[in-house]
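Chain and residue survey
Single-letter residue listing:
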Amino acid sequence: MKSPQILERKTTIVSPWVTLLEKTVSLEEGSHPEVYHSVTGRPYVAVVAVTGGGTVVIVRQYRPAVERYTWEFPAGTVDDGETAAAAAARELLEETGLVADELCQIGDYDPDTGRLSLGSTGYVARCTPCVPPRAPEQGIEMRYVTVDQLFDMVRTGEFRHQLHVALIGSALLHGHLALDR
């Protein structure tokens, strides 16, 4: 069987953070080409930040896309010329005031293969407070939770960022978090 062929690509820059991709695709020889759309942007990083005492750091901020405040892990995009690891450490510091003493990559992911054309990298960080102390960036609330509290937040839907829930599973599989129950 012959692989699908991309016959044409068009990009439309919507904002500094979002580009719309349009691809005309022939899925199989002799088939009528179809147009598919996806959204792309800078690569994304997220950090499961764990303190020396074993608590996990989560952040709450308003997300206009879903029109509510959400609990999630420190996360953001990779700047031009920056590595994913450097972006993860930077986002952790900016959003929480914590320093990544140890940063371990736990996976490269495709956040939504049907709609997003960008990569995501997950990390676990062992972290400590910045010296001198640094407050989280404006508009972000930070909370320390136990792993059990985090699991309860997932179960109740209070922590529902799908990529970040998947990072919990990945951190468990890699031995960075443990089930207490």
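Higher on the page you've got the structure.
Conventions and cut-offs
Residues numbered from 1 in each chain as written. Predicted model: local features only at pLDDT ≥ 70, side-chain atom pairs only at ≥ 80, totals over all residues. Heavy atoms only, no water. Helix = DSSP H or I, 4+ residues; strand = E, 2+ residues; numbered from the N terminus. Contact = heavy atoms within 4.5 Å. Pairing = 2+ DSSP bridges. Axes fitted to C-alpha atoms, helices over the stretch in contact; angles between N-to-C directions. Parallel < 35°, antiparallel > 145°, perpendicular 65-115°, else oblique. Left-handed = near helix turned anticlockwise from the far one by under 90°. Nonpolar A, V, L, I, M, F, W, Y, C, P; charged D, E, K, R; others polar.

All right, on to unusual backbone geometry then. Positioned with a positive phi, Glu 67 is a non-glycine residue whose angle comes to about 60 degrees. Tracing the sequence through the fold places Glu 67 in the loop between strand S5 (56-63) and strand S6 (68-72).

Glancing now at the environment of Val 145. Position of Val 145 relative to the elements: it lies in strand S10 (residues 141-145). Separated by 19 residues in sequence, Val 145 and Arg 126 place their C-alpha atoms 14 Å apart. Those residues in contact with Val 145 that sit more than four places away from it in its chain are Thr 55, Val 56, Ile 58, Leu 150 and Met 153.

Right, let's get into the sheet that holds strand S1 (residues 5-13). Within the open sheet, the three strands sit side by side as S1-S2-S3. Their pairing is antiparallel. Lying at the two open borders of the sheet, with one neighbouring strand each, are S1 and strand S3 (34-40). Within the sheet, the average angular offset between the axes of one strand and its neighbour, ignoring direction, is 20 degrees. As paired elements, strand S2 (residues 19-26) and S3 share seven bridges and run antiparallel to each other. When the sheet's bridge partners are listed, Leu 20 is paired in S3 with Val 39.

Direction vectors running N to C along helix H2 (residues 147-156) and helix H3 (residues 162-173) enclose 140 degrees, while the axes themselves pass 11 Å from each other. When the axis of H2 is compared with that of H3, the two are oblique. Judged by the twist between their axes, the crossing of H2 over H3 is left-handed. Two secondary-structure elements touch here, H2 through Leu 150, Phe 151 and Val 154 and H3 through Val 165, Ile 168 and Leu 172. Across the contact of H2 with H3, the residue classes break down as six nonpolar, no polar and no charged.

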